[in-house]
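If you want the building blocks of each chain, they are given just below.
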Amino acid sequence: LPVKPSFKEFIKWYKNRKKNEQKKFWEDYFKGFDTQTRLPVNRKPVKLEKFPGGISVKAVEFTLPKGIIDRLVKIRVSQRITMSAFFYCAWGILLQKYCNNDDVVFGTTVSGRSTPINGIENTVGMFINTLPLRLTAKTGDRVLDLLLRINEHLTQRGKYENTPLVDIREYSPGKTDGAFFDTLLVIENYPLELPSIVHSYSAV
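Residues numbered from 1 in each chain as written. Predicted model: local features only at pLDDT ≥ 70, side-chain atom pairs only at ≥ 80, totals over all residues. Heavy atoms only, no water.

Enquirer: Account for the environment of phenylalanine 86, naming residues and giving values.
Expert: The topology assignment puts phenylalanine 86 in helix α4 (residues 83–99). A C-alpha to C-alpha distance of 9.9 Å links phenylalanine 86 and isoleucine 75, two positions eleven residues apart in sequence. Residues contacting phenylalanine 86, with those up to four places away along its chain left out, are Leu72, Ile75, Arg76, Ile81 and Leu147. (Helix = DSSP H or I, 4+ residues; strand = E, 2+ residues; numbered from the N terminus. Contact = heavy atoms within 4.5 Å.)

In structure tokens form, the structure reads like this:
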């Protein structure tokens, strides 16, 4: 059997990472951010007794028409952006509308396997991490501007995607009492002959 890198290699790298660089990256990223992205919903605690059998979760499935997918792929290739940028941008714009705020933050997940360790893609272990993604709309911005901005951040944050969320909250100058964000967007893009799956989760 092939010899795979040990998870200890990742732990060793993690302990020796340059935290000052990570701190500066996230501080710069959240410069000017002054509030949390909270969905405008009733947050009054609800007693479970009101829900016979407990709280149910509803799953909604939606498949984009092939014509739209073809157009997205064409834009992706011409602008050299990832398909993830489209979904993140769409979710961010939706939050901006619902929260009536041009500066929003939501959660995203990363595999955590971009660490510069040979054979990291074959290492057995849990590397997944949750990171905040910020979408700021400026006067005169086009959707393409937002797409390119998100794509640039996704490229830059690769070196810092192992930063714990609790540390990122410390680096953010905004008010972070309670949850850092209300929603989490998960993009599952496995190397299978299946369409990519996008899940969105709400903390409320």
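Enquirer: Report on the pattern of salt bridges, specifying residues and quantitative values.
Expert: Pairing of side chains with opposite charge becomes possible as their charged atoms draw close. Here the structure, examined in full by the defined rule, presents seven salt bridges. For aspartate 28, the salt bridge identified is with lysine 31, shortest N-O distance 3.7 Å. Where aspartate 141 meets arginine 149, a salt bridge forms, and the shortest distance between an N and an O atom there is 3.1 Å. On the basis of relative accessible area, aspartate 141 is assigned to the partly exposed category, the value being 26%. Linked through salt bridges whose partners overlap, the residues forming this network are Lys24, Asp28 and Lys31. (Salt bridge = Lys/Arg side-chain N within 4 Å of Asp/Glu carboxyl O. Buried < 20%, exposed > 50% of the residue type's maximum accessible area, 1.4 Å probe, protein only.)

Enquirer: Which residues make up the packing of α4 against helix α5 (residues 143–156), and what are the values?
Expert: It is the contact of α4 with α5, at a shortest axis distance of 9 Å, that shows an interaxial angle of 120°. Judged by the angle between their axes, α4 and α5 are oblique. As for the relative orientation of α4 and α5, their crossing is right-handed in sense. The residues of α5 that touch α4, namely those facing Ala85, Phe86, Tyr88, Cys89 and Ile93, are Val143, Leu146, Leu147, Ile150, Asn151 and Leu154. Taken together, the residues of the contact of α4 with α5 sort by class into ten nonpolar, one polar and no charged. (Axes fitted to C-alpha atoms, helices over the stretch in contact; angles between N-to-C directions. Parallel < 35°, antiparallel > 145°, perpendicular 65-115°, else oblique. Left-handed = near helix turned anticlockwise from the far one by under 90°. Nonpolar A, V, L, I, M, F, W, Y, C, P; charged D, E, K, R; others polar.)

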